[in-house]
Amino acid sequence: DWMNTPVNAISQSLIIDKRNQLLKEGKSSNYVSRGFRTLKAVLNTSDLPINPVNQAMKKWGLSLQSSNRSHYLSQETIVEIFARYELENLFRDKALGVYTFIVFLLLTGCRKSEAIDLLWSDVSETTIRFRDTKNKKDHVVPLWGMLKDILNTQPRINERVFGFTQYTLRTRFEPVGKELGFTAHDLRRTFAEHSNFAGFDSNMIGMALNHT
């Protein structure tokens, strides 16, 4: 809205009014805070003597900090997932295995979209290559241990390893996530958290998650 507004015309009152307007429109506080953090960064590059975003937040006792969304699975939930994964592989016959997919996300830390798009041509005897990742760089992980077991259970009935579309996965995944209380991205957070528990540092975990 303010792209063509001179920076010296952006006042404390304008900032507070815009913040209130966005919240009344139903935007989340995290969304609004992220927007004003961006504005603050932009204005820091201008020649203003004082950043009006800082002034407004200080005057009204507000914070630009987003609420903590870091959530990872409890030990009990992880044990339950693995138990259901074992049952699924005992009784399914070429059905799309949602728990197999969930365990794959837990063991690799990859994004849901990366696993959905994984092709058999991306799998070798020793590696899995995720293409079209969020940071536009291919991400290669070793194929060994339980990951090999998972891929060996997958029927090669089409070019995709898991055979899910966004829609078919959502219909299978959402009831499980709702019942056990987690999202697909929580599985990625759990991978990172348990890597930390295992003693890996943030740089190594970032590499494993294919962060920029």
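What you see is a predicted model, and the numbers here were worked out from it, not measured in a lab. (Residues numbered from 1 in each chain as written. Predicted model: local features only at pLDDT ≥ 70, side-chain atom pairs only at ≥ 80, totals over all residues. Heavy atoms only, no water.)

With respect to helix H2 (residues 29–44)
Moving on, step 1. For H2, spanning 16 residues, the distance from its first C-alpha to its last is 22 Å, which sits close to the expected 22 Å at 1.5 Å a residue.
Moving on, step 2. Within H2, the full set of buried residues consists of Asn30, Val32, Ser33, Phe36, Leu39 and Leu43.
Moving on, step 3. Residues of H2 that are buried in the fold lie against helix H1 (12–24) and helix H3 (52–59).
Moving on, step 4. Its side-chain oxygen placed 3.0 Å from the backbone nitrogen of Tyr31, Ser28 serves as the N-cap of H2. (Helix = DSSP H or I, 4+ residues; strand = E, 2+ residues; numbered from the N terminus. Expected span 1.5 Å × (residues − 1). Buried < 20%, exposed > 50% of the residue type's maximum accessible area, 1.4 Å probe, protein only. Contact = heavy atoms within 4.5 Å. Polar contact = N/O pair within 3.5 Å; in protein donor to acceptor, adjacent residues only side chain to side chain.)

Details of the packing of helix H4 (residues 75–91) against helix H5 (residues 98–108)
Moving on, step 1. For the pair H4 and H5, the least separation of the axes is 8 Å and the interaxial angle reads 135°. Comparing their axes, H5 and H4 come out oblique. Note that H4 runs across H5; the crossing there is left-handed. Where H4 approaches H5, its residues Ile81, Phe82, Arg84, Tyr85, Glu88 and Asn89 are matched on the opposing element by Val98, Tyr99, Thr100, Ile102, Val103, Leu106 and Leu107.
Moving on, step 2. Of the residues contributing to the contact of H4 with H5, the split by class is 9 nonpolar, 2 polar and 2 charged. (Axes fitted to C-alpha atoms, helices over the stretch in contact; angles between N-to-C directions. Parallel < 35°, antiparallel > 145°, perpendicular 65-115°, else oblique. Left-handed = near helix turned anticlockwise from the far one by under 90°. Nonpolar A, V, L, I, M, F, W, Y, C, P; charged D, E, K, R; others polar.)

A word on the layout of surface pockets
Moving on, step 1. In this structure, the largest pocket occupies an estimated 510 Å³ of space.
Moving on, step 2. Every residue lining the largest pocket is counted, 17 residues in all, and those nearest its centre are Asp1, Trp2, Met3, Gly35 and Leu39.
Moving on, step 3. For the lining of the largest pocket, the elements supplying multiple residues, two or more each, are H1 and H2.
Moving on, step 4. Looking at the lining of the largest pocket element by element, the count peaks at 8 residues for H2.
Moving on, step 5. Grouping the constituent residues of the lining of the largest pocket by class yields 11 nonpolar, 3 polar and 3 charged.
Moving on, step 6. Estimates place the volume of the second largest pocket at around 410 Å³.
Moving on, step 7. Forming the walls of the second largest pocket are 16 residues, and the residues nearest its centre are Leu107, Pro142, Trp144, Leu147 and Phe191.
Moving on, step 8. Put simply, the parts of the chain that give the lining of the second largest pocket at least two residues each are H5, strand S2 (139–142), helix H7 (146–153), helix H9 (184–197) and helix H10 (202–208).
Moving on, step 9. Looking at which element gives the most residues to the lining of the second largest pocket, the answer is S2, with 4 residues.
Moving on, step 10. Considered class by class, the residues forming the lining of the second largest pocket number 12 nonpolar, 4 polar and no charged. (1 Å grid on protein atoms, 1.4 Å probe; cavity = no way out; pocket = protein on both sides within 12 Å on 5 of 7 lines; lining within 4 Å. Points joined across faces, edges and corners; volume = space filled by probe spheres on them.)

A look at unusual backbone geometry
Moving on, step 1. Positive phi is not limited to glycine here, since Asp132 has a value of about 50°.
Moving on, step 2. Position of Asp132 among the secondary structure elements: in the loop between strand S1 (127–130) and S2.
Moving on, step 3. A residue is classified by how much of its surface remains accessible, and Asp132, at 73% relative accessible area, is exposed.
Moving on, step 4. Residue Lys136 is not a glycine yet carries a positive backbone phi of 70°.
Moving on, step 5. Mapped onto the elements, Lys136 comes out in the loop between S1 and S2.

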